[in-house]
Amino acid sequence: MTNDQIKEIALTNGFKLKEQPCGEMDLNSYVYDFARALFGKVNPICPYCESEIDNVLDSHEVVYDGDNIEHECPQCDKNVGLSVRVKFGFKAYEVADD
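Residues numbered from 1 in each chain as written. Predicted model: local features only at pLDDT ≥ 70, side-chain atom pairs only at ≥ 80, totals over all residues. Heavy atoms only, no water.

On to the overall build of the protein chain. What the protein chain contains, in helices and strands, is three helices and five strands. When its helices and strands are written in sequence order, the protein chain yields α-β-β-α-α-β-β-β. Counting over 98 residues, the protein chain shows a buried share of 29%. In the protein chain, the share of contacts with a sequence separation of at least 24, taken over all contacts with a separation of at least 6, comes to 38%. In the form shown here, the protein chain has an accessible surface area of approximately 6800 Å², with 47% of it arising from carbon and sulfur atoms. (Helix = DSSP H or I, 4+ residues; strand = E, 2+ residues; numbered from the N terminus. Buried < 20%, exposed > 50% of the residue type's maximum accessible area, 1.4 Å probe, protein only. Contact = heavy atoms within 4.5 Å. Areas by Shrake-Rupley, 256 points an atom, 1.4 Å probe, with all protein chains shown as cover.)

Turning our eyes to something else, we now look at a nonpolar patch on the surface. A surface patch of nonpolar side chains, about 340 Å² in accessible area, is lined by L11, F15, L17 and M25. Following the sequence through the fold, F15 ends up in the loop between helix 1 (3–12) and strand 1 (18–19). (Patch = residues over 30% accessible without salt bridge, like charges linked within 9 Å, V, L, I, M, F, W, Y side chains within 5 Å. Salt bridge = Lys/Arg side-chain N within 4 Å of Asp/Glu carboxyl O.)

To continue, consider the pattern of salt bridges. One pass over the structure, following the stated rule, counts one salt bridge. Close ionic contact of K7 with D26 constitutes a salt bridge, the shortest N to O distance being 3.3 Å. With K7 in helix 1 and D26 in strand 2 (residues 25–26), this residue pair connects regions lying 19 residues apart in the sequence.

The next point concerns the nonpolar core. Counting seven residues, the largest nonpolar core consists of C46, I53, I69, C73, V80, L82 and V84. Considering each element in turn, this core owes the most residues, three residues, to strand 4 (residues 79–87). Counting residues in each nonpolar core, the second largest holds six residues, with I6, V31, Y32 and A35 among its members. (Core = buried A, V, L, I, M, F, W, Y, C linked by side-chain atoms within 4.5 Å.)

Attention now moves to the side chain of D26. For D26, the side chain forms a polar contact with the side chain of K7, separated by 3.3 Å. With residues near it in sequence (within four places) discarded, D26 still touches K7, L17, K18, Q20 and Y32. (Polar contact = N/O pair within 3.5 Å; in protein donor to acceptor, adjacent residues only side chain to side chain.)

Moving on, we get to unusual backbone geometry. Phi at E50 takes a positive value of approximately 60°, unusual for a residue other than glycine. Here E50 lies in the loop between helix 2 (29–39) and helix 3 (56–59). On the basis of relative accessibility, which here comes to 66%, the residue E50 falls in the exposed class. For D77, which is not a glycine, the phi torsion comes out positive at approximately 65°. Residue placement: D77 occurs in the loop between strand 3 (68–72) and strand 4.

Put into structure tokens, the structure is as follows:
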């Protein structure tokens, strides 16, 4: 999950930007830390090579909660079955049960 994604959700839900020590307006860093701890890891792990599959969101824009998709792992080029889960407005992908 990127900082931009976290910021979008946070601002939509009433969080406010604060001036940071560098002078920029942003969310406090603990908001990003909290969101990552709450949502957990969004990217699934390839069962073949155990690398993080990090480009799923770019490749599959129109998917819905409960969908099953095939996605090629960028590291080992094997197709991995993924189940789509939508939590708090975010798409999360997990390796589908066989």
